[in-house]
Amino acid sequence: MKPIQVGLLGIGVVGAGTFHVLKRNQEEIKRRAGRGIEITMVADLDVARAQSIVGSGVQVVNDARAVIANPDIDIVIELIGGYGIAKSLVLEAIAAGKHVVTANKALLAVHGTEIFAAASAKGVMVAFEAAVAGGIPIIKALREGLTANRIQWIAGIINGTTNFILSEMRDKGLDFGVVLKEAQRLGYAEADPTFDIEGVDAAHKVTLMSAIAFGIPVQFDKAYVEGITKLGAADIKYAEQLGYRIKLLGITKRREADAAKGYSAGVELRVHPSLIPSKRLIANVEGAMNAVVVNGDAVGNTLYYGKGAGSEPTASAVIADLVDITRLHTADPLNRVPHLAFQPGAMSDLPVLPMGDVVTSYYLRLRVADEAGVLAKVTGILASADISIDAVLQREADEVGGEGEVPEGTRGMPQTDVIILTHDCQEAHMNHAMALMQALPTVLQPIVRIRKEELA
Ligand code: HSE
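Everything numeric in this text was worked out from a predicted model, so none of it was measured. (Residues numbered from 1 in each chain as written. Predicted model: local features only at pLDDT ≥ 70, side-chain atom pairs only at ≥ 80, totals over all residues. Heavy atoms only, no water.)

**Notes on the sheet that holds strand β4 (residues 75-78)**
Short version of the rule: In short, DSSP must find at least two bridges between two strands for them to pair. Each helix corresponds to a stretch of at least 4 residues labelled H or I by DSSP, and each strand to a stretch of at least 2 residues labelled E; elements are numbered beginning at the N terminus.
Read from one edge to the other, the open sheet built from six strands follows the order β3-β2-β1-β4-β5-β6, with strand pairing classed as parallel. Each end of this open sheet is capped by a strand with a single partner; those strands are β3 (59-61) and β6 (126-127).

Have a look at this one:
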């Protein structure tokens, strides 16, 4: 049988990796797919550079629409990124009856509902393994390998840039800004790292995993997103002393209704720095590596680990999708694996819970005046909000008036850091308690609050 023909839109780092791996492993891939898979046409604005990557045997054009219009092309790989032209091209490729492979998490997290509906109506597949955690086959695991399970929660380190920064902060005791500059110098962080450090990239990825895990529509706009820019070296150090590490986690959880506790049913969908026990395997994922823990009711916890970015690791995921499509494209569309794991007519309307409804535990650090009765007032406020304390640690402030703003007149005053770990409570209750604590004249700086996940 003649090879299936693939058109590639955008040949940057991942596109080049895809081309090279397909070529290098073509025999092995053909034995798996049942026929050859060939990239026969590439669109890139820099035609000369693209041609130098793929050689003279592949047609290179500067117009992506020429690839979509080519009737010989069965599959279009979109590696342009972003929500702009990439969205138009993906929808045009679907309308032209092409199957699509994309690594574009931002596009699918925001416009996935429209794109998957268009693909289903046209009877084509949109595959996106490379969009989440690079080379880790987490979409395949969630959508197929764990299909027997009622998935309860997912927690993942799904942004390598921020994991690299947090690892360096912990290893070297440095603050965020210093490490970010170093990461940029080494090429780990983009010149504009906003999406990574503000948690947006991780939120795109966890939005996709949440949809597949719970059979709900992709709802990036409902995700709570908090990055790592405000983390200080002091909190990483205190967390360590308490037996925890701080990681940027993408978390999604199923929450059952509980009338006694006032909880409604829904799905938590959030990205923020989290304390996790140092003894958990995922707490020991260092540098730019990614890892995802999935908890299913039958299987328990499963852990997936690997490279979340990079040329060939991401190409590995892109090509896995090409093989899937090659195997399945002649199948009745109704017998294919649904885009979001659940049949389109069987999606759930379980709401994404607002952050105030989320239930979790907390690390709080309060810089307080070191005088009698301060701790009693703080713990009294927590008790009145029905928030139970798990542990308390008091440490001399590194230097009087160390990090952060020191209110007028308090410099030179005896000060101390009080670190409190709480048990689970609803975020709205914690917000209320924090406002009361912050208003105490003996609380000298903005309270640091970091959420805590036991991942048991
Ligand atoms: N910028 C991402 C990361 C990789 O640092 O993990 C692509 O999503």
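That shown, we press on.
**A closer look at the pattern of salt bridges**
Basically, it comes down to this: By definition here, a salt bridge exists when the distance from a side-chain nitrogen of Lys or Arg to a carboxyl oxygen of Asp or Glu is within 4 Å. Each residue's exposure class comes from its accessible area (1.4 Å probe, protein chains only) as a fraction of the maximum for that residue type: buried when under 20%, exposed when over 50%, partly exposed otherwise.
If you walk through the whole model with that rule in mind, you get 29 salt bridges. Asp171 serves as the salt-bridge partner of Arg170, at 3.8 Å between the closest nitrogen and oxygen. On the accessibility criterion, Arg170 (23% relative accessible area) is partly exposed. Put simply, Glu286 and Arg170 hold a salt bridge, and the shortest N to O gap is 2.7 Å. Taken together, the residues span a long stretch of sequence, with Glu286 in the loop between β10 (266-277) and β11 (289-296) and Arg170 in helix α8 (residues 160-172) at a distance of 116 residues.

**A few points about the site of the ligand**
To keep things clear, this is the line we draw: The cutoff for a nearby residue is simple: one of its non-hydrogen atoms must lie within 4 Å of the molecule or strand. We call two N or O atoms a polar contact when they sit within 3.5 Å, provided that within protein one can donate a hydrogen and the other can accept it, with sequence-adjacent residues counted only if both atoms are side-chain atoms. Working definition of accessibility: Shrake-Rupley area with a 1.4 Å probe, residue cover restricted to the visible protein chains.
Taken together, Lys105, Asn159, Gly160, Thr161, Asp196, Asp201, Lys205 and Ala309 form the complete shell of residues around the ligand. Between the ligand and Gly160 there is a distance of 2.7 Å, counted from an oxygen atom to a backbone nitrogen or oxygen. The separation between a nitrogen atom of the ligand and a polar side-chain atom of Asp196 is 2.9 Å. Expressed as a share of its isolated accessible area of 260 Å², the protein-covered part of the ligand is 81%.

**With respect to the domain arrangement of the chain**
As a reminder, the rule being used: Each domain's extent was defined by an automatic or database domain assignment. Note on contacts: a residue pair qualifies if any of its non-hydrogen atoms lie within 4.5 Å across the two residues. As a working definition, buried area equals the accessible area (1.4 Å probe) given up by two parts on being put together, with both sides summed.
On domain assignment, one finds that the chain holds domain 1 (4-134 + 311-343), domain 2 (140-307) and domain 3 (358-452). Computed from C-alpha coordinates alone, the two centres of domain 1 and domain 2 are separated by 27 Å. The partner domain 2 presents 23 residues to the 22 residues of domain 1 that form the contact. Between domain 1 and domain 2, the buried area comes to about 1,800 Å², and carbon and sulfur atoms account for 66% of it. Applying the counting rule to domain 1 against domain 2 returns one salt bridge. Note that Lys140 is salt-bridged to Asp324, the shortest N-O span being 2.8 Å. Elements with a contribution of two residues or more to the side of domain 1 that touches domain 2: α6 (105-122) and α13 (311-328).

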